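The primary structure of each chain is shown beneath.
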Amino acid sequence: MPIVVNEDLLRAVVTKDKALSDGRTLVKKGAYKNLHRLGDDSLLWGECQGSGANPYLLSIDLAGDNPVIRCTCPVKPPPCKHTLGMLAAFLDSPAQFAVAPAPEELLAKRSKNVERAEKKAEVAAKPREVDKAALAKKTRVQRDALDLLEKLVLDTTAAGLGTLDRAKATRLVEQARQMHDAYLPGAAEALRRLAALAIRRDEDDAGRFYQLEEPGHDLADDLRHRLMARHLYRLWALVRKGRKVLDEKLDETEGVADTEAVVEDLLGHVWELAALKAAGHVRSDLRLFELADERYSDRVREERIEQGWLLDLDTGDVLVERRFRPFAALDKTKERDSHDRPLAIREAGIYPGFINRRVRWEIAALASRPVVAGDFTDLHARAQPDLAAALARYKEQIRNPLAPDDAVLLIRAATIQQAGEALALVDAKGQALLLRDPPTARYRTLNNLAMAAGARLVDGVLKQPASLLVRLHLGLADDAIFGQPLALVVANDHVRLGM
Amino acid sequence: MPRDTIRRLGSDVERILVAGAHLASADPALTRDKTALDALATQLGAKAPVIGQLAAAVGRTLAASGADTARELVGLATMTAQVRAAQAQPAPAGPLTPLIPRPEIGTPCNAKELGELYTALVETGKGRIERVQQAIERGDIVDLRLVEPLIHAMNDGYLGDLVADQAIPRLGPAIVAPIRGIIEFKKGRRIDGRRLRAVVAADPANAHGLLAQALAEGSAEVRESALDAIADHVPGDPRFEQPVQALVAKERHGGVFRAALRALAGYASDASLAALTTALDDARTVEAAAEGLGNSRHPGALGWMLDRLAVAVVAAEAENSSTSNTKNTPVPANSVKPVDLVPILLSALARHRDPRIAGAALPLIDRFGDAAAQAVLGSGDPRQVAAVADLLAGDDRKLFAVAAQAAVRLAADQAFKRLSAAVTASDRDTKTGLARLEAATDQVVAAETVDPRWGPLALKQFDAPPEVLRQVLPVLGRLRERKAVKPLLKLLPAAPDLVQVAACGALGAIGGAGVLPGLLPLLGHRDWSVRMAAQHAIVALDDPTSVDPVRTLLVQADGKEDWTLRHLLRTLERRHPGK
C-alpha cells in the first residue's frame, strides 16, 4: 500500500517552511506541467519550469516506507521547493494529476529501489556474512584504540583529575579525535565531555547562558570532579566491556545479546532500521503520546539535539524519539516536529538500551489522530502507580556504569507538595520524591511545575487523576535520587514544563 | 552501617582520584575503610558478597605499586560507584506543606516558536528585540516555559527593560517567587532594581516585605527602583511613608532622592508636603518635586501650588521687565528661575482637577502656551475646558492639540460642534487649517467612542482637497463605516499617494467583501509608503482567503524579487497555516 499523501506526510518531509511556501507559489504560478500519477497513487511525476530554459523533472515515489523524492534542480538534499509544491498540489487537488502509465525510467528506478530495499532487508535478516578480513582489520583498529583509551584513563587516574588543566584537556580532545578515526565515536564523545568539564569557565564568560556549555562545567570543584569521575568510570567500563564485545564480533557470534548491543551502541555503532528489525528490536502497532519535547545545543557533540518523550499507551514505557542535527548542517536537516496529537505507528525500531529506549520509524508508518478522552484514561492507567517500583527500576539502570545517569518515567502523583525550596511528588502510599532541577540541567522546570500544579488545586490538593513525567537523577553532592519534572498531566489537561 | 561505610569509601576513593593514584597506597583513610569493610564482610558474610569484593579491591589498591595503582584505583572506584548507585535512596523530602495556589499560565507556543523565542531571549543575534516585541503583542510571551528565559533576559542590557516592563508583569503573581529569590539587595546593581520593579508590577498586593527590605538594605540602585515601584504600583501605602520620609531627610544619592520625592506624592501628611515644597526650590530636584506635587494627595498641595504659582508669575514678570538691570546680580547655586518654575508648576497643576486652576492658568496661556492650557484642562470645569477648546478656532497652531483634547472632554454636542468645525472651516486647506484639522481628527480617532454624526460628515468630504481628505479618512476607518467602502475603492487607484495611504488604513479597518481586490494592486505601487499601507491593511483584514491572491501576485511579479509581497505572504501564512 502506498504512502498516503496527507498533512502528516507533508509535515514529515518539509525541512523548511519557506520551501513549502515557495512550492505553493510555483503551483499558483502554473509552473507545473505534465503532472501524472499512477492509478494507485504510488507514484507522482511531472515537470516544473524553473529559472532555466528546460523544466526540472520531478518524481515522488510513495511505494516504499519513505517517499523517494527526486528533482533535477541543483538543490540537494531533497525535498526542494519544486517537489514540495508538487506534493502540496496533489494534496489540494489530486484530479489535476492525470492517471498514466509510469515512464520506464521511473519504473526502473523504483525496481532498483525495491531491489535495494529487499536486499537490505534480506541482508539484515540473514545471519551476518562477515568479511572476516575487513572486520578483523576494523576490530584491530578498535582494539588498539581501546588500548589507547585504557592508557589515557590510567594516566588520568595516576595524575589525578584535579591536575587536568587546559593543556591536558586539549590533548584529550585531540586524542578523542583519534578515537573517532578508529571507529569509536562513543568513546570519543565521553573523552570530550571529560575534557570539557576539566576546563572551568573563565570569569569573563560569566554572562553567557548555561546552555551554551557542557552542563556542570561551572559547578564547584568538588561537584565538578565528581561529575568527571562519573565520565571516567564510564570510559573504564567502555574499555573493559568494549574489548569483550569486539572479541565476540571476531568470533562471529550470532544474535548479539542486548547488553552487548548497548555497549556497541556506546562505542558508536550506528543502527539502521533494517538492522534493528533484523535483530528483533522492533514493535508493531505502537500507540504513542508525546509528553515532553526538548531541544538543546550540545557543544561537545556539536549538534543540536531534539527529542520527544513518548509514552507507549499500551505498555507504559517512556520512549525517546531523538534527532541529531549537526551544527554544520542545521540548514539542511529537518527540525524535529513536536507531536501534539497521539501517534499510531505501524512498525517502529526500538534501540537496545535501558529504561528509555530510542524509537524510530519510517515516514510511511506514521499516522496521527486527534486526542480523545480515552487517551488520558490510558495515560494515567499506564503511569507508574508506585514510586518504590519506579525507583527500583532506576537503581537497576544506574548500577550499570555504561547506562545513562538519568531515566524518564511517568509516575502517578497523589499530590505534589512544597518541600522547602523544592517540591515533592507524593504517591498513593505516601512515599515522596524530592523534585529538583539537576545542577547539570539544560533548562530548569521546577518553578514551572510549581506554577502549573499551583493552578490545578482543589482545596489545596492537586486535582486527580494526576501523573508527572519526571527525569530521575542522582544527586552529585550525595547519593540521593531526585526528580526533574518534565510534564504534568492532570485529568485531561497536559502541561509541558520544559522545552 | 554498610551504607555509611561505603559512602565513606566512595568519598575517599574520589578524593584520591582527584589528587592522583600515587597517593593511594599510603592513604590512611583507605586503610581505615579496608578495616571497616573487612569487619562488615565478616559480619554479613554471604548475605552481601559485594562487601567482601570491595574489601578485596581496596586491599589490592593499597598493595599496588607503580602503574598498577591507577588500574586498581579506577577499578575500585567504578565498583564503589556501582554499589553506591544500588544503595541510592530518594532524597529526604523533609516537612511537606501544601502548594501555594497560583494563577494559571498557559503554554500557547508550539515547539518551534518556543525555540525561536527562547533563542531570542537567551542568545545574542539580530532581530531579537523585534521577535520578543511581537511575542508580547501576540500574547505568546505568556508561556509557562518562557518564565526561566524571561528571568534570564532581564539581565540582558539590550532586552532587559523591555522584558522587565512589558513581559514579566503579564505573567502576574506566578512569576514573583523565582525572581524574588535572585534579587541582590546590599550589592544590588541596575539589574536587581529592574527585577524588583518587575516583581512589584507583577504582584503589587504582596510586595510590602520586598520593598521594605529594599529600602532598608538596598544599594542606591535598588533603593531608587523600590521608590519608583512605590510611586507607580503602591502609591500611598501608609507602611512606606516613614521610610520614604527618612530617605528624603538623609539621602545623598541624587537619583534616590528624586525617586523618593516621586514616592512622597502618595502621602497626605504635612511632612510629606513640606519635603516636596522644599525640593521645589532646588534646580536639581525641581522636576521630581513638581511631579510629586502634581500627584500629591495632600489636601493643601493644590492651594500651595496656586500660591507659589502666583508668586512665581509676579517674579517672572518682574524679572522680565528688569532683565538688563539684574544681569550681573549673583544667583544662588541651584536656585530655580521663576520663568522656569512657572511652566513646571503649570504641568504639575495639570494633574489636578480643580476649577481654581483655570482661573490661575487661563491668563497665562498667552505667555506660557501649552503648559497653561494643559493646566486649565486639568481643572475639570466644563466652562473652562470649553474656553480651551475654543482655542481650536484660533490661529495658534501650538495650541491646537491641547484645544482638541479639551474639545473631546466636552459633552457630545459641544465636542462635535468644535471638532467638526475644523473639517468645514474655510481655511481648512491652509497650513493653519490643516494643523487644526489634524489635531481634531487625531482626537476623534483616538477617542473611546465616536459621535455617529462623524460618519455622514466624513462621507461628504470625498471631494475635498487631498490634504483634507487624508485627515478625514481615518475617521471613517475608526467608525468602520461600511458606506465608505465604495467611494474609497473608487478613489483608490488614482488618488495622490498620501490619500491612498489613508484610504488603505480605512479599508483595512472596515474590511468586508470587495476590499481585498481593491488593495491588492497597491502592493505593486511605486511608492513604498503606499505599498506598506496596503500590506498592513491586508494583514488587518485577517482574512484567510487573502493568502491565495497574494501568492498569485507574487507569481505575477515574475523575474524580480518582490520583498513586500514575500514578507506579506509569510505573515499571512503564519496567521493562516495550511493556506
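Model, not experiment: these values are computed from the prediction.

### Things to note about the overall build of chain B
Helix and strand counts for chain B come out as 33 helices and one strand. The C-alpha radius of gyration computed for chain B amounts to 36 Å, which surpasses the reference 25 Å derived for 579 residues by more than 25%, pointing to a less compact arrangement than a globule. Expressed along its principal axes, the backbone C-alpha trace of chain B runs to roughly 110 × 75 × 50 Å. Buried positions account for 46% of the 579 residues belonging to chain B. Taking all contacts inside chain B whose residues are at least 6 apart in sequence as the whole, residues at least 24 apart take part in 66%.

### Observations concerning the overall build of chain A
When helices and strands are counted, chain A shows 13 helices and 20 strands. In summary, chain A has a C-alpha radius of gyration of 25 Å against a globular reference of 23 Å for 499 residues, a match within 12%. Overall, chain A is about 70 × 70 × 50 Å in size when its C-alpha atoms are taken along their principal axes. Across the 499 residues of chain A, 44% fall into the buried class. Considering only contacts in chain A between residues 6 or more positions apart, those separated by 24 or more positions represent 64%.

### Focus: the packing of helix 21 (residues 365–377) of chain B against helix 22 (residues 382–389) of chain B
Helix-helix packing is characterised by the crossing angle of the two axes and by the distance between the axes. Residues and elements named next belong to chain B. Closest axis-to-axis distance for the helix 21/helix 22 pair is 8 Å, and the angle between their directions is 150°. In terms of orientation, helix 21 and helix 22 fall into the roughly antiparallel class. Read as a crossing pair, helix 21 and helix 22 show a hand that is left-handed. For the pair helix 21 and helix 22, contact is made by A373, V376 and L377 and by Q384, V385, A387 and V388, respectively. When its residues are assigned to classes, the contact of helix 21 with helix 22 shows six nonpolar, one polar and no charged.

### Thoughts on the interface of chain A and chain B
Many authors give the size of an interface as the accessible area that is lost as the parts come together. Facing the 64 residues of chain A at the interface are 61 residues of chain B. Of the residues that constitute the side of chain A that touches chain B, the class distribution is 34 nonpolar, 18 polar and twelve charged. Strand direction decides the pairing type here: strand 19 (residues 480–490) of chain A and strand 1 (residues 89–90) of chain B, joined by two bridges, are parallel. If you follow A:I481 over to strand 1 of chain B, its bridge partner there is B:P90.

### Let's talk about the confidence of the model for chain B
Taken over all residues, the pLDDT of chain B has a mean of 85, while the share at 70 or more is 96%. We note a pTM of 0.74 for the whole complex and an ipTM of 0.81 for its interfaces.

### Describing the domain arrangement of chain B
What the domain assignment reports for chain B is domain 1 (2–87), domain 2 (130–234), domain 3 (381–451) and domain 4 (453–579). Each of domain 2 of chain B and domain 4 of chain B has a C-alpha centre, and these two points are 40 Å apart.

### Let's talk about the pairing of strand 18 (residues 466–474) of chain A
Residues and elements named next belong to chain A. Among the nine residues that make up strand 18, nine are buried, leaving the element largely enclosed by the rest of the structure. Sheet topology places strand 18 next to strand 19; nine bridges connect them, and they run antiparallel. Bridge assignment links R471 to a residue of strand 19, and that residue is Q484. Turn length for the strand 18-strand 19 hairpin, with the two strands adjacent in sequence and antiparallel, is five residues.

### Digging into helix 31 (residues 528–541) of chain B
Residue and element names in this part refer to chain B. For helix 31, with 14 residues, the first-to-last C-alpha span of 20 Å sits near the 20 Å given by 1.5 Å per residue. Taken residue by residue, helix 31 has V530, R531, A533, A534, Q535, A537, I538 and L541 as its buried positions. On its buried face, helix 31 sits against helix 29 (497–510), helix 30 (515–519) and helix 33 (563–575). With its phi angle positive at about 50°, D542 sits one or two positions after the end of helix 31.

### Points about the nonpolar core
In this structure, B:A260, B:L345, B:L346 and B:A403 are the most contacted members of the largest nonpolar core, which totals 330 residues. Per-element accounting of this core gives the leading share, twelve residues, to helix 8 (residues 221–250) of chain A. Those residues in contact with B:A403 that lie beyond four places of it in its chain are B:V388, B:A389, B:L391, B:L392 and B:A439.

### Some points on the confidence of the model for chain A
In the predicted model, chain A carries a mean pLDDT of 86, and 93% of its residues have values of at least 70. Contacts of residues 203–212 of chain A to residues separated by more than four positions or lying in other chains number nine contacts, the stretch itself having pLDDT below 50.

### A word on the pairing of strand 1 (residues 32–37) of chain A
Consecutive residues of a regular strand have side chains that alternate between opposite faces of the sheet. Residue and element names in this part refer to chain A. Across four bridges, strand 1 lies against strand 2 (residues 43–48) in antiparallel orientation. By the bridge assignment for strand 2, H36 is matched with W45. What sits between the antiparallel neighbours strand 1 and strand 2 is a turn of five residues, in which D41 has the positive phi angle 60°. Taken together, the two bridges between strand 1 and strand 5 (residues 98–99) define a ladder with parallel strand orientation. When the bridges of strand 5 are listed, H36 appears paired with A98.

### A closer look at the sheet that holds strand 3 (residues 56–61) of chain A
Residue and element names in this part refer to chain A. Strand order in the open sheet formed by five strands is 4-3-2-1-5, and the pairing between neighbours is mixed. Of all strands in the sheet, those with a lone pairing partner are strand 4 (68–71) and strand 5, marking the two edges. Two strands pair when backbone bridges link them, and strand 2 and strand 3 are joined in this way by six bridges, in the antiparallel orientation. Note on strand 3: the bridge partner recorded for L44 is I60. On the sheet, helix 3 (residues 81–92) packs against strand 1, strand 2, strand 3 and strand 4 and is oriented at approximately 55° with respect to strand 3.

### Observations concerning unusual backbone geometry
Residue and element names in this part refer to chain A. Between K76 and P77 the backbone carries a cis peptide bond, its omega angle lying at -5°. Among the structural elements, P77 can be located in the loop between strand 4 and helix 3. Residue Y183 is not a glycine yet carries a positive backbone phi of 60°. Looking at where Y183 falls in the secondary structure, it is placed in the loop between helix 6 (166–181) and helix 7 (185–198).

### Some remarks on the environment of A:M499
Tracing the backbone through its elements, the reader meets A:M499 in the segment after strand 20 (493–496). Judged by the 26 C-beta atoms lying within 10 Å of it, A:M499 is buried. For the pair A:M499 and A:V4, spaced 495 residues apart in the sequence, the C-alpha separation amounts to 31 Å. With residues up to four places along the chain from it excluded, the contact list for A:M499 reads A:E294, A:R295, A:Y443, B:L114, B:G115, B:Y118 and B:R145.

### Details of the packing of helix 8 (residues 160–171) of chain B against helix 10 (residues 190–202) of chain B
Residue and element names in this part refer to chain B. Running from N to C, helix 8 and helix 10 point in directions that differ by 25°, and their axes come no closer than 8 Å. Here helix 10 runs roughly parallel to helix 8, going by the angle between their axes. Crossing of helix 8 over helix 10 shows right-handed handedness. Across the interface between the two elements, G160, D161, A164, I168, P169 and L171 of helix 8 pack against I191, R194, R197, A198, A201 and A202 of helix 10. Split into classes, the residues belonging to the contact of helix 8 with helix 10 amount to eight nonpolar, one polar and three charged.

### Some points on helix 22 of chain B
Residue and element names in this part refer to chain B. Looking only at helix 22, the buried set comprises Q384, V385, V388 and A389. With its buried residues spanning 150° around the axis, helix 22 presents them on a single face. At its buried positions, helix 22 is contacted by helix 20 (355–361), helix 21, helix 23 (400–408) and helix 24 (412–424).

### Description of the environment of B:L522
Residue and element names in this part refer to chain B. Along the chain, L522 falls in the loop between helix 30 and helix 31. Sequence separation between L522 and P49 is 473 residues; the distance between their C-alpha atoms is 86 Å. With near-sequence residues (within four places) excluded, L522 lies in contact with Q500, C504, V530, R531 and A534.

Conventions used here
- Residues numbered from 1 in each chain as written.
- Chains lettered and ligands numbered in written order.
- Predicted model: local features only at pLDDT ≥ 70, side-chain atom pairs only at ≥ 80, totals over all residues.
- Helix = DSSP H or I, 4+ residues; strand = E, 2+ residues; numbered from the N terminus.
- Rg over C-alpha atoms; globule rule 2.2 N^0.38 Å.
- Buried ≥ 20, exposed ≤ 12 C-beta atoms within 10 Å, placed from the backbone.
- Contact = placed C-beta atoms within 7 Å.
- Axes fitted to C-alpha atoms, helices over the stretch in contact; angles between N-to-C directions.
- Parallel < 35°, antiparallel > 145°, perpendicular 65-115°, else oblique.
- Left-handed = near helix turned anticlockwise from the far one by under 90°.
- Nonpolar A, V, L, I, M, F, W, Y, C, P; charged D, E, K, R; others polar.
- Pairing = 2+ DSSP bridges.
- pLDDT = per-residue confidence, 0-100.
- Domains from an automatic or database assignment.
- Expected span 1.5 Å × (residues − 1).
- Core = buried A, V, L, I, M, F, W, Y, C linked by C-beta atoms within 7 Å.
- Arc of directions from axis to C-beta.

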